[in-house]
Amino acid sequence: MSSLAVVPPGVVLIVGGLLLPFLEQRVRRLALLLLPLATLYLVWLVPDGAQLHARFLAYELTLLKGDALSRLFATVFALMAFAGGLFALNQERVAELAAAYCYAGSAIGVVFAGDLISVFIFWEAMAIGSTLVIWSAGPSARRAGLRYAAIHLLGGVLLMAGVAGEIAATGTLAFERMALDTLPRGLILAGFLINVGAPPLSAWLPDAYPESSWSGMVFLSAFTTKTAVYVLLRGFPGTELLIWIGLFMVFYGIVFAILENDMRRILAYSIVNQVGFMVTGIGIGTEMALNGATAHAFSHIIYKALLLMSAGSVLYMTGKRKCTDLGGLFRTMPLTAVCGIVGALSISSFPLTSGFVSKSMIAEAAGTLRLEAVWYLLAAASAGVFLHAGIKFPWFVFFQKDSGLRPAEPPWNMRTAMILFAALCVGFGVAPGALYALLPFPVDYVPYTASHVVFQLQLLLFSGLAFFLMLGWLKRTLTITLDVDWLYRRVGISLAQAFDRGVAVAWQGVTAAAERVTRDVVRAVHRHHGPDGALARPWPTGSMAFWATVMLAAYLVLSYL
Amino acid sequence: MQDHWLARDSTIRRLWIAFIAILAAVALVDLAIEHHPYFGLDGTFGFGAWFGSASCVVLIAIAKALGAVLKRPDSYYDE
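Residues numbered from 1 in each chain as written. Chains lettered and ligands numbered in written order. Predicted model: local features only at pLDDT ≥ 70, side-chain atom pairs only at ≥ 80, totals over all residues. Heavy atoms only, no water.

A. Geometry of the overall build of chain A. Looking only at helices and strands, chain A has 22 helices and 3 strands in total. Whereas a compact globule of 561 residues would reach a radius of gyration of roughly 24 Å, chain A reaches 33 Å, over 25% beyond that. Its C-alpha atoms put chain A at 135 × 60 × 60 Å along the principal axes. Counting only residues that meet the buried cut, chain A has 58% of its 561 residues in that class. (Helix = DSSP H or I, 4+ residues; strand = E, 2+ residues; numbered from the N terminus. Rg over C-alpha atoms; globule rule 2.2 N^0.38 Å. Buried < 20%, exposed > 50% of the residue type's maximum accessible area, 1.4 Å probe, protein only.)

Written out as structure tokens, the structure reads:
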């Protein structure tokens, strides 16, 4: 057992993922299911403390370091890879599956990494894996994937600069809690925040994720943002700035999701929204808040994947993703609808779902610390979650109007994956003890008190009332909403084109001037030295004799002087 | 051909009646339970109910206003 313990669990998924394309289909399907389970087993064999070292340049890397926080994230990542693999069994683009497993394995690599350089290596591997997942969707995703890669490479550069500065300043590689007091640490935080979907660059997420395939987005929703939540939990707990960044993300996600028409982009905005709750919890920084953020990351991965499986099933069966094209699908896809509704209730923190037992810890921490504004904003945001995701997604996709579409339920593997995650959403909601036992700090919190349950039911049900009363204002239109990505998709391109035109005009001016000067010089030379030039003219013999006489006369005169 | 029972007008009317009954029940049950407010407002009667619905109205209004400025046809970026 101790010899197995030093196998880094993420490596199993990475190596397995790279081998997937070379396997025959039946074996590949088996491998898709067994690799995550083997990884999960290895995750639970990793003992506390540093386990595996490697030398890199002059540095001693800690590739594997276990504790409760790492184990919780690695556990839910492995679970996610399993359910995602099951859901994607009939995905024909094998490259996507290979990329997704490398991506998941790298995420597990990050959460077990014991030093900043190892974090960076796996961090960049995730960026590559996730970009390939997006690109696997085909030519339509090429540009979005490129924009995604550019933003994440920018994040990687910031992180690398920060890590280099931190090592130069402190002489240590260790990835531990940091105070935000030096420039390198600011850069590390900035690198982390880009991946978490923080402002001002949140737009990469709703821009890129919905362009991935029906199965791709299920994987994408889980790893990048939650790995970033993990590194913030590890590196910057209690950094007050994060409270305000988190609250901004919460409301950004709600408002943009309300305006959105694409069902998967609604869910993408709601990823930013939910991660905002976690970031706020990390900023609050008490044990209760950090437990809440950790627990919420765990339940979020499950219910968000469930929602995206439900949306992915609709996309797989109908080929449509806009709310204006969908509606009334409950008639022929009742299971997909029910699973989607379970995920929607869970994201809304409805009592008896996993969201209720995890998110409420963050609000509780804000209340205990008497952070009045934060608490009220979180409560308003909880109502907004029900509005933008809890009701909006199931309503516009499965009910609303009769779109006339009559798709069948998706294949068995997709149904099974949805049922598994729906069961986990309800299971952790009914019996939160199993989740609480995994948390980094001891839990002294009872979610099911009468006042809390009644408060939450009032909040959600009356939000539901507001939704149906204001349905006219929420009617979907064939529109998108401009975001910060407008700056690099429109303004940036216009600026580049204007610059290009400016350079062209300037160049034209320079070449014209050079031509003119050259021509003038040539003309002047020509004038004096050309066939008709004064200096090239043949002189008549008479004038030569005359000038010779003049010179001789002058000589004669001078010799007498 | 008759539509799915869930899509019939009579069902929808019954669902509304049930929904309103549930809303009234969760609002009124506030009188029967003990509250542990952190601040002042959160101890008022039916706090979750009025605060939740008011938040939604405000959020929808903000979204609507923002949409008026930032909405574009969804072919806007088609290159």
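Now that the structure has been shown, we can carry on.
B. Layout of the environment of Ala 68 of chain B. All names here are of chain B. Its place among the elements puts Ala 68 in helix 2 (residues 47-70). Classification of Ala 68 as exposed rests on a relative accessible area of 67%. With 46 residues separating them in the primary sequence, Ala 68 and Ile 22 have C-alpha atoms 35 Å apart.

C. Structural detail: the nonpolar core. In this structure, Phe 73, Val 196, Phe 223 and Leu 232 of chain A are the most contacted members of the largest nonpolar core, which totals 196 residues. Not counting the four nearest positions on each side in its chain, Val 196 of chain A is found in contact with Thr 225, Ala 228, Val 229, Leu 232, Met 249, Val 275 and Val 279 of chain A. (Core = buried A, V, L, I, M, F, W, Y, C linked by side-chain atoms within 4.5 Å. Contact = heavy atoms within 4.5 Å.)

D. Up close: a nonpolar patch on the surface. Taken together, Val 11, Val 15, Leu 19 and Phe 22 of chain A make up a surface patch of nonpolar side chains, about 390 Å² in accessible area. The residue Leu 19 of chain A is located in helix 2 (residues 9-19) in this model. (Patch = residues over 30% accessible without salt bridge, like charges linked within 9 Å, V, L, I, M, F, W, Y side chains within 5 Å. Areas by Shrake-Rupley, 256 points an atom, 1.4 Å probe, with all protein chains shown as cover. Salt bridge = Lys/Arg side-chain N within 4 Å of Asp/Glu carboxyl O.)

E. The pattern of salt bridges, seen in detail. All names here are of chain A. Within the structure shown, the criterion is met by 17 salt bridges over all chains. Between Asp 67 and Arg 234 there is a salt bridge whose closest N-O contact spans 2.7 Å. Of the two residues, Asp 67 sits in the loop between strand 2 (59-66) and helix 4 (68-87) while Arg 234 sits in helix 10 (residues 216-235), which places them 167 residues apart along the sequence. Residues participating in the shared-partner salt-bridge network are Glu 211, Glu 260, Asp 262, Arg 265 and Arg 321.

F. Inspection of the pairing of strand 2 of chain A at higher detail. The pairing of strand 1 (residues 49-56) of chain A with strand 2 of chain A spans 7 bridges and is classified as antiparallel. Each residue of the ladder has a partner; that of Arg 55 of chain A, found in strand 2 of chain A, is Glu 60 of chain A. (Pairing = 2+ DSSP bridges.)

G. Spatial organisation of the side chain of Thr 75 of chain A. All names here are of chain A. Inspection of the secondary structure puts Thr 75 in helix 4. When its relative accessible area of 8% is taken as the criterion, Thr 75 is described as buried. At 3.0 Å, the side chain of Thr 75 forms a polar contact with the side chain of Trp 44. A distance of 2.5 Å separates a polar atom in the side chain of Thr 75 from the backbone oxygen of Arg 71. Leave out the neighbours within four places in its chain, and Thr 75 touches Leu 40, Val 43 and Trp 44. (Polar contact = N/O pair within 3.5 Å; in protein donor to acceptor, adjacent residues only side chain to side chain.)

H. Quick peek at the side chain of Ser 382 of chain A. Residues and elements named next belong to chain A. By the secondary structure assignment, Ser 382 is in helix 16 (residues 372-398). Exposure remark for Ser 382: the relative accessible area of 9% places this residue in the buried category. Here Ser 382 is in contact with Phe 277, Lys 359, Leu 459 and Leu 460, once residues within four sequence places are set aside.

I. Examining the interface of chain B and chain A more closely. Chain B puts 47 residues into the contact, and the matching count from chain A is 52 residues. Counting the surface lost from both chain B and chain A, the interface buries some 4,500 Å², and carbon and sulfur atoms represent 73% of this. When the buried surface of chain B facing chain A is broken down by residue, Tyr 38, Phe 39 and Tyr 77 of chain B rank first, second and third, together holding 18% of it. Here Asp 74 of chain B ties to Lys 322 of chain A by a salt bridge, and the two come within 3.2 Å at their closest N and O atoms. When residues of the side of chain B that touches chain A are assigned to their parent elements, the largest contribution, 18 residues, is made by helix 2 of chain B. When the residues that make up the side of chain B that touches chain A are grouped by side-chain class, the tally is 28 nonpolar, 10 polar and 9 charged. Where strand 3 (residues 479-481) of chain A meets strand 1 (residues 71-73) of chain B, 3 bridges bridge the pair, whose relative direction is antiparallel. (Buried area = accessible area lost by both parts, 1.4 Å probe. Nonpolar A, V, L, I, M, F, W, Y, C, P; charged D, E, K, R; others polar.)

J. How the structure looks around helix 19 (residues 450-469) of chain A. Compared with the 28 Å implied by 1.5 Å per residue over 20 residues, the 28 Å span of helix 19 of chain A between its first and last C-alpha is a close match. Most of helix 19 of chain A sits out of view: 15 of its 20 residues are buried. (Expected span 1.5 Å × (residues − 1).)

K. Structural view of the environment of Ser 313 of chain A. Residues and elements named next belong to chain A. If you trace the backbone, Ser 313 turns up in helix 13 (residues 287-318). Taking C-alpha positions, Ser 313 is 38 Å from Ile 188, a pair spaced 125 residues apart along the chain. Excluding anything up to four places from it in sequence, Ser 313 contacts Phe 87, Met 333, Thr 336, Pro 410, Met 414 and Met 418.

L. Summary view of the domain arrangement of chain A. Residues and elements named next belong to chain A. When its domains are assigned, chain A resolves into domain 1 (1-236), domain 2 (237-477) and domain 3 (484-530). Each of domain 1 and domain 2 has a C-alpha centre, and the two are 23 Å apart. Contact residues are listed per partner, giving 47 residues for domain 1 and 49 residues for domain 2. Summed over the three residues of domain 1 that lose the most area to domain 2, namely Leu 72, Phe 87 and Trp 214, the buried surface amounts to 16% of that side. Where domain 1 meets domain 2, there are 2 salt bridges. Between Arg 265 and Glu 211 there is a salt bridge; the shortest N-O distance is 3.2 Å. Viewed at the interface, domain 2 and domain 1 are joined by 15 residue pairs in polar contact (both at pLDDT 80 or more). For the side of domain 1 that touches domain 2, the elements supplying multiple residues, two or more each, are helix 4, helix 8 (183-196), helix 9 (204-208) and helix 10. When residues of the side of domain 1 that touches domain 2 are assigned to their parent elements, the largest contribution, 13 residues, is made by helix 4. (Domains from an automatic or database assignment.)

M. The arrangement of helix 14 (residues 334-347) of chain A in detail. Residues and elements named next belong to chain A. Taking 1.5 Å of rise per residue, the 14 residues of helix 14 would be expected to cover 20 Å, and the 20 Å separating its terminal C-alpha atoms lies within 8% of that figure. Taken residue by residue, helix 14 has Thr 336, Ala 337, Cys 339, Gly 340, Val 342, Gly 343, Ala 344, Ser 346 and Ile 347 as its buried positions. For helix 14, the elements touching its buried residues are helix 12 (263-284), helix 13, helix 15 (354-368), helix 16 and helix 17 (412-430). Just past helix 14, the residue Ser 349 takes up positive phi, approximately 60°.

N. Expanded view of the packing of helix 4 of chain A against helix 13 of chain A. All names here are of chain A. For the pair helix 4 and helix 13, the least separation of the axes is 10 Å and the interaxial angle reads 10°. Between helix 4 and helix 13, the interaxial angle falls into the category roughly parallel. Taking contact as the criterion, the partners of Leu 69, Leu 72, Phe 73, Val 76, Phe 77, Met 80, Ala 83, Gly 84 and Phe 87 in helix 4 are, on helix 13, Thr 294, Ala 297, Phe 298, Ile 301, Ile 302, Ala 305, Met 309, Gly 312 and Ser 313. Residue classes in the contact of helix 4 with helix 13 are distributed as 14 nonpolar, 4 polar and no charged. (Axes fitted to C-alpha atoms, helices over the stretch in contact; angles between N-to-C directions. Parallel < 35°, antiparallel > 145°, perpendicular 65-115°, else oblique.)

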